[in-house]
Amino acid sequence: MDLASVSADLAALGTRAQAAIGAAADLAELEAVEVSVLGRKQGQLTAVLRGIGALAPEDRPLVGALANELREELEAALAARRERLEGIALEVRLAAEQLDPTLPGRPLRRGSLHPIVETAREIARIFGQFGFVVYESPEVETDALNFQALNIPADHPARDLWDTFYVDAPAVDGDRLLLRTHTSPGQIRVMRQTEPPIRALLPGRCYRYEAVDASHGFEFFQVEGLMVDEGTSLAHLRGLLDEFAHAMFGAGRATRFRPGYYPFTEPSVAFDVQCVVCDGAGCPACGRTGWMVILGAGMVHPIVLANGGIDPERYQGFAFGMGVDRIAMLRHGIHDLRYFLDNDLRFLEQF
Ligand code: PHE
């Protein structure tokens, strides 16, 4: 073994390796070339270097330098070829996965608003035209707000009007939690957090311990209205509700007030509209009276104003509470309130 033959071996190896690198058709082949030439154990360059020990000591550094130079050349060639092959692979992939924007899209299943939501929004839209603003109020309430602040003390017989679900949780400051039986506690919350003039709308879910039938649910929806200002009167309430009834059920529809009773309003009224099924002639839908009750209302009781932190000497207010389910049934000719919460798509898809 001499210097000349080792140099010749290295040169030949370089030529072969360059040819193999150039011929590698993909990354796997290139990797195989790299292992066969530069691999630490079986690599051809390693094999050549093993022969260095047989050389004269003064020739060894020279061969070492030649071998290193060759290694660097080959590594550079490998890197260049790798980059090229990666570029090709990417191009091939892009071509294969090409997106055809002219293909028809997958159809989107489009939902629709639940009739209760849609009706509550329509109510809010109408009252919004009179400056009423929507507030939110919790469904789990305290006894204090659902009853006491509304002038219904513990053990007052008026509580019998609202069959209540009490929540099986520890009382907070001696105050029992319950599922609100109406949206009226929201009146107190709004009065406490704002100042007159107040024009508030409070939509939401309410709960009562009811036997369920076509017109009663233990879970139902109300929209509460509250106006508090100086000089607010029952005439304002009447005018506003007339406008509402006309916007919701048609301009010609007759309306009426009847005396009612609620502990938190004085005086209290029931507001009826001419039956939308028979136009007042009398039919099963209106119990042959020609009228349908839409909501309860009245002038906010001075005790309730005071409980809301409002001076009843200076301000007056009116409030109303309407059943959204009832209004949605009238608008869409739905005869059974249980459809609303059954989640039957055949029903829901119609809206
Ligand atoms: N909260 C009453 C009910 O649920 C309705 C109502 C609201 C009456 C506001 C008067 C004023 O029956």
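As a starting point, this report considers the structure included with it. (Residues numbered from 1 in each chain as written. Predicted model: local features only at pLDDT ≥ 70, side-chain atom pairs only at ≥ 80, totals over all residues. Heavy atoms only, no water.)

## Digging into the site of the ligand
1) Next: Taken together, 15 residues lie near the ligand, and H182, S184, R208, Q222 and E224 sit nearest.
2) Next: In the model, a nitrogen atom of the ligand is placed 2.9 Å from a nitrogen or oxygen of the H182 side chain.
3) Next: At 2.9 Å, a side-chain N or O of R208 approaches an oxygen atom of the ligand.
4) Next: Summarising the interface, the protein chains cover 93% of the accessible area of the ligand, which totals 330 Å² for the free molecule.
5) Next: Mapped by element, the contributors of at least two residues to the shell around the ligand are β5 (219–229), β8 (291–300) and β9 (316–323). (Near = heavy atom within 4 Å. Polar contact = N/O pair within 3.5 Å; in protein donor to acceptor, adjacent residues only side chain to side chain. Areas by Shrake-Rupley, 256 points an atom, 1.4 Å probe, with all protein chains shown as cover. Helix = DSSP H or I, 4+ residues; strand = E, 2+ residues; numbered from the N terminus.)

## Quick word on the nonpolar core
1) Next: Core analysis: the biggest nonpolar cluster contains 43 residues, and I123, F127, F320 and M322 have the highest contact counts within it.
2) Next: Elements represented by at least two residues in this core include exactly α5 (115–128), β5, α8 (234–249), β7 (265–274), β8, β9, α10 (324–332) and α11 (345–348).
3) Next: The greatest single-element share of this core, amounting to 7 residues, is contributed by α8.
4) Next: Non-local contacts of I123, meaning those with residues more than four positions away in its chain, are made with L201, V223, F244, M248, M322, V324 and I327.
5) Next: Among the nonpolar cores identified, the runner-up in size contains 23 residues, and L150, A200, F264 and A319 belong to it. (Core = buried A, V, L, I, M, F, W, Y, C linked by side-chain atoms within 4.5 Å. Buried < 20%, exposed > 50% of the residue type's maximum accessible area, 1.4 Å probe, protein only. Contact = heavy atoms within 4.5 Å.)

## Here's the deal with the pairing of strand β4 (residues 198–207)
1) Next: For β4, the buried fraction is high: 7 of the 10 residues fall into the buried class.
2) Next: Note: strand β1 (residues 133–134) against β4, 2 bridges, orientation parallel. From the neighbouring strand, V133 faces β4, where its bridge partner is A200.
3) Next: In this structure, β4 lies alongside β5, joined through 10 bridges in antiparallel fashion. Its bridge partner lying in β5, L202 is registered against E224. (Pairing = 2+ DSSP bridges.)

## Remarks on the packing of α8 against α10
Any two packed helices are characterised by the angle at which their axes cross and by the distance between the axes.
1) Next: Across the interface, α8 lies against α10 with an axial gap of 11 Å and an inter-helix angle of 40°. Of the possible angle classes, the one that applies to α8 and α10 is oblique. Taken together, the residues of α10 that come into contact with α8 (itself represented by F244, M248 and F249) are I327, L330 and R331.
2) Next: Here the residues of the contact of α8 with α10 are counted per class, giving 5 nonpolar, no polar and 1 charged. (Axes fitted to C-alpha atoms, helices over the stretch in contact; angles between N-to-C directions. Parallel < 35°, antiparallel > 145°, perpendicular 65-115°, else oblique. Nonpolar A, V, L, I, M, F, W, Y, C, P; charged D, E, K, R; others polar.)

## Here's the deal with α8
Because the α-helix completes a turn every 3.6 residues, residues three or four places apart line up on one side.
1) Next: Taking 1.5 Å of rise per residue, the 16 residues of α8 would be expected to cover 22 Å, and the 22 Å separating its terminal C-alpha atoms lies within 8% of that figure.
2) Next: Looking at α8, one finds that the buried residues are L237, L240, L241, D242, F244, A245, M248 and F249.
3) Next: In this structure, the buried side of α8 is in contact with α5, β6 (255–262), β7, β8, β9 and α10.
4) Next: Between the side-chain oxygen at the start of α8 and the backbone nitrogen of A235 there is a gap of 3.2 Å, and the oxygen is on S233.
5) Next: Following α8 by one or two positions, G250 adopts a phi angle in the positive range, close to 115°. (Expected span 1.5 Å × (residues − 1).)

## Concerning helix α4 (residues 60–96)
1) Next: An ideal rise of 1.5 Å per residue puts 54 Å on 37 residues; α4 measures up with 53 Å between its terminal C-alpha atoms.
2) Next: If you check which residues of α4 are buried, you get V63, A67, L70, L74, A77, L78 and L85.
3) Next: Residues of α4 that are buried in the fold lie against α1 (3–23), α2 (27–38) and α3 (44–50).

## A few points about the packing of aromatic side chains
1) Next: Within this structure, the stated rule accounts for 11 aromatic pairs.
2) Next: Measuring from ring centre to ring centre gives 5.9 Å for W162 and F264, while their planes differ by 40°; the resulting arrangement is tilted. Here W162 is found in the loop between α6 (143–146) and β3 (177–179), whereas its partner F264 is found in the loop between β6 and β7, with 102 residues between them in sequence. Here W162 matches F264 in class, with each residue buried.
3) Next: A ring pair is formed by F257 and F271, whose centres lie 5.8 Å apart and whose planes are at 80°; its orientation type is edge-to-face. With F257 in strand β6 and F271 in strand β7, this pair connects stretches of sequence that are 14 residues apart.
4) Next: In textbook terms, an aromatic cluster arises when at least three aromatic residues are bridged by ring pairs, as seen for F127, F132, F244 and F320.
5) Next: Sitting above the plane of the F257 ring, R238 keeps its charged end 5.1 Å from the centroid. (Phe/Tyr/Trp six-rings, centres within 6.5 Å; stacked < 30°, edge-to-face > 60°. Lys NZ or Arg CZ within 6 Å of the ring centre and 35° of its normal.)

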